Each structure stands twice: as C-alpha cells, then as structure tokens.
Amino acid sequence: MDPRTEIREFLSSRRARITPERAGLPAYGRNRRVKGLRREEVALLAGVSVDYYVRLERGSLAGASDGVLDALASALQLDEAERDHLFHLARQSGAPGGPRRRKPAVAVRSSLQQVLDAISDAPAWIADGRYDVLAMNQLARALYSPMLADPRRPANTARFVYLDPEAAGEFFVDHDRIAGDVAAKLRMEAGRNPHDEGLIALVGELSTRSELFRQRWASQDVRLHRSGRKRLRHPVVGRLDLDVESLELPAEPGLHLIVYTAPAGTPTADNLALLASWAATQQPLATEFEAHDG
C-alpha cells in the first residue's frame with residue numbers, strides 16, 4: 001500500500017463524484033471529458049494554483065499545511081472520515097518510507113477480560129483495526145458462534161464477511177452494507193498504518209480470494225468506527241436487532257471495545273436472554289489469547 005498511490009486514487013475518486021452543479025460552478029459545454037470536477041476546478045475551489053493541485057493529486061501531500069488540507073477537504077466535500085483519511089495520508093506522505101512493520105496480535109490485559117466478563121447481559125468484545133477479535137465475553141462467543149466455527153485464530157470479522165459469504169450472508173441481515181463498512185474501515189486503518197504487515201497481508205488475502213472485496217476496496221470509501229445498528233439472524237434464537245457501541249480504549253491505542261445491547265422489553269432483549277441461557281449450556285469456544293497481567 002504505497003502512500004503516493006493511495007493519495008492519487010483517493011483524491012481522483014473524490015473529485016470524480018462531484019459535478020460542477022453540486023460544487024456551485026457553472027458547467028460550460030455539454031461534452032465534458034472528465035467525470036466530475038476538472039483539476040483546475042478543484043484548484044479554484046481550494047484556492048491553490050492548478051500546478052500545485054496537480055502535484056497534490058499525483059501523491060505529493062508532503063509539506064501541505066493544515067490550511068491547505070482543510071481547503072482541499074472543503075472543495076471535495078469530504079465527510080469527517082474522509083477528512084481524517086486525507087490528513088492520515090498527508091502525514092504518511094511526509095514520513096520517510098519505512099519497511100513493513102509486523103504488529104503482533106495483542107494479548108489483552110487480564111483486567112480488560114474481567115471488564116468483558118462483568119458485562120453479563122450484553123455481548124462484548126475487544127478488536128483491533130484489522131478486525132482481529134482479541135477477547136470476548138461468554139455472550140459474545142454465543143452471538144458470533146457462526147464466525148467462531150472457523151478454527152483460525154485470531155477470529156477476524158473481515159475474513160468471515162468476505163471469505164465465508166454464504167454463512168455471513170445468512171448471519172448478517174444487511175450483509176451488503178456490512179461488507180462495504182468493513183472494507184471502508186480497513187482502508188481507513190491502512191491510511192493510519194500503511195506499513196502494518198498484518199494489515200497488508202489481510203488486504204492481500206481478501207483481494208486474492210474475494211471479487212466483492214476487490215470491488216469495495218477499489219471504491220476508496222472510508223468509514224470511522226462508530227455506533228450503529230446491526231441486524232442478525234442467529235441460528236439458535238433467530239432475529240436480533242442490536243444497538244452497537246464502539247468505544248476506543250485510550251490505554252490500548254488501536255483497540256476498541258464493542259458492546260451490543262437492546263432496549264428492555266423488546267423481542268431482541270428477550271432473544272438475548274434466551275441466548276444467554278443457551279450459552280450457559282455450551283462448551284467455551286476459544287477466541288484468541290489468554291489474557292495477561294500488565
């Protein structure tokens with residue numbers, strides 16, 4: 001994942017989606033040869049010279065000030081995730097090219113596993129930016145038992161979504177949306193950590209084995225880890241419409257605590273209670289690592 005290539009493809013894709021009308025510019029001529037805005041139109045909107053913008057879009061964001069990046073984000077009508085991604089790419093562009101860095105999967109601290117285990121009424125887990133699942137509570141193991149059926153560890157949501165599409169399509173009611181979100185969040189992570197060997201290997205594996213992933217990856221879309229809703233079809237308790245909270249762990253950079261809940265008195269809350277009863281009768285499924293003190 002070369003930063004210059006990432007910059008070029010990201011900026012050109014964002015430019016291609018904006019029409020002159022959407023940007024508030026007159027559209028001279030009916031036969032425009034480019035999809036979306038021309039480079040000179042983006043330069044005009046951003047208040048920079050055409051030559052300078054051309055250099056930026058060719059992958060040279062090194063040295064671009066925050067003011068220029070903000071103006072570029074405004075001209076291209078970037079959302080919050082896209083703006084953050086642009087700044088990540090700029091920082092990587094200014095950094096010396098480094099070798100691939102192997103980030104070993106993290107063994108969570110025992111106190112964090114205790115936090116997970118203390119959440120007895122809601123599925124909860126800890127994952128990293130590569131979608132590796134590092135720790136789970138009992139109810140999360142029961143909830144995601146279809147994913148944990150694959151013995152490969154750490155369990156990885158992206159692999160489940162793209163490499164086991166039949167099972168994932170049955171499990172996720174909104175599988176198509178989930179697939180898009182997963183690819184977009186992986187691309188966001190790639191902007192932050194372009195030399196992460198594990199991430200590079202994961203993207204390469206998914207690209208090789210999944211046509212759907214190749215399509216979604218090529219879209220250049222990015223997403224932030226945020227709260228939302230997941231609709232699932234569990235093989236034991238049926239339909240679950242869950243609220244999802246994704247919380248960054250400040251003491252563990254790059255890790256998120258994900259918790260699934262449902263309002264009391266709803267069918268999903270009742271089904272979660274059934275799931276908890278079922279989980280109590282099952283043998284524990286290995287998830288990732290033994291927790292450690294520290």
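Throughout, residues of each chain are indexed from 1 in the direction in which the sequence is written. Two thresholds apply to this predicted model, a pLDDT of at least 70 for residue-level local features and 80 or more for giving and counting side-chain atom pairs, whereas whole-chain, interface and lining totals are computed over all residues. As a convention, hydrogens and water are excluded, and side-chain values are obtained from all of the structure's heavy atoms.

Asks: So what exactly am I meant to see when it comes to the packing of helix 12 (residues 175-192) against helix 14 (residues 211-218) here?
Replies: The packing of two helices is summarised by the inter-axis angle and the distance between the axes. Between helix 12 and helix 14, whose axes approach to 9 Å, the crossing angle comes to 55 degrees. In terms of axis orientation, helix 12 runs oblique to helix 14. For helix 12 against helix 14, the interelement crossing comes out right-handed. Where helix 12 abuts helix 14, its residues H175, D176, A179, G180, A183, L186, R187 and A190 lie against L212, F213, R216 and W217. Classification used: nonpolar for Ala, Val, Leu, Ile, Met, Phe, Trp, Tyr, Cys and Pro, charged for Asp, Glu, Lys and Arg, polar for all others including Gly. Residues belonging to the contact of helix 12 with helix 14 are distributed by class as follows: seven nonpolar, two polar and three charged. Axis angles are defined between N-to-C directions and span 0 to 180 degrees, where every axis is a line fitted to C-alpha atoms and, for a helix, only to the segment in contact. Labels follow the DSSP assignment, with helices taken as runs of H or I lasting at least four residues and strands as runs of E lasting at least two, numbered in each case from the N terminus. In these notes the angle categories are as follows: under 35 degrees is roughly parallel, over 145 is roughly antiparallel, 65 to 115 is roughly perpendicular, and the rest is oblique. In this scheme the handedness of a crossing depends on how the near helix is turned from the far one: anticlockwise by less than a right angle means left-handed, clockwise means right-handed. Should any heavy atoms of two residues lie within 4.5 Å, those residues are counted as being in contact.

Asks: Explain the nonpolar core here, please?
Replies: Formed by 42 residues in total, the largest nonpolar core has its most connected members in Y144, F172 and L186. Counting residues per element, this core draws most heavily on helix 12, which supplies six residues. Beyond its immediate stretch of four places on either side in the chain, L186 contacts G129, R130, Y131, A158, L199, L202, L206, F213 and W217. Only buried Ala, Val, Leu, Ile, Met, Phe, Trp, Tyr and Cys residues count toward a nonpolar core, and they belong to the same one when joined by side-chain atoms within 4.5 Å. Here's how the labels work: a residue is buried when its accessible area is under 20% of the maximum for its type, exposed when over 50%, partly exposed in between, all with a 1.4 Å probe on protein chains only.

Asks: Would you take a moment to explain the packing of helix 1 (residues 3-16) against helix 4 (residues 50-57) for this structure?
Replies: It is the contact of helix 1 with helix 4, at a shortest axis distance of 8 Å, that shows an interaxial angle of 120 degrees. Overall, the two elements helix 1 and helix 4 adopt an arrangement that is oblique. Contacts between helix 1 and helix 4 involve I7, R8, L11, S12 and R15 on the former and, on the latter, Y53, L56 and E57. For the contact of helix 1 with helix 4, the residue count by class is four nonpolar, one polar and three charged.

Asks: Honestly, the pattern of salt bridges in this entry has me stumped. Any pointers?
Replies: Pairs may arise between side chains of opposite charge once their charged atoms sit close together. By definition here, a salt bridge exists when the distance from a side-chain nitrogen of Lys or Arg to a carboxyl oxygen of Asp or Glu is within 4 Å. All chains considered together, the criterion is met by 25 salt bridges. Among the salt bridges present, the one from D174 reaches R177, with a minimum N-O distance of 3.7 Å. Given a relative accessible area of 38%, R177 falls into the partly exposed group. Among the ionic pairs, D181 bridges to R223, the shortest N-O distance being 3.4 Å. Of the two residues, D181 is situated in helix 12 and R223 in the loop between helix 14 and strand 3 (228-234); the sequence distance between them amounts to 42 residues. Residue D181 is classed as buried on the basis of its relative accessible area of 17%. Where salt bridges share partners, they join D174, R177, D181, R223 and R231 into one cluster.

Asks: Could you clarify how one ought to interpret helix 6 (residues 80-94) in this entry?
Replies: In an α-helix there are 3.6 residues to a turn, and that puts residues three or four apart on one side. Helix length check: helix 6 (15 residues) gives 22 Å between terminal C-alpha atoms against 21 Å at 1.5 Å per residue, within 8%. Among the structural elements, helix 1, helix 5 (66-75) and helix 12 are those in contact with the buried residues of helix 6. What qualifies as a polar contact is a pair of N or O atoms within 3.5 Å, subject to a donor-acceptor requirement within protein and to the restriction that residues adjacent in sequence count only when both atoms come from side chains. Of the residues flanking the start of helix 6, the one acting as N-cap is D79, its side-chain oxygen 3.2 Å from the backbone nitrogen of A81. An expected span of 1.5 Å times one less than the residue number is assigned to each helix.

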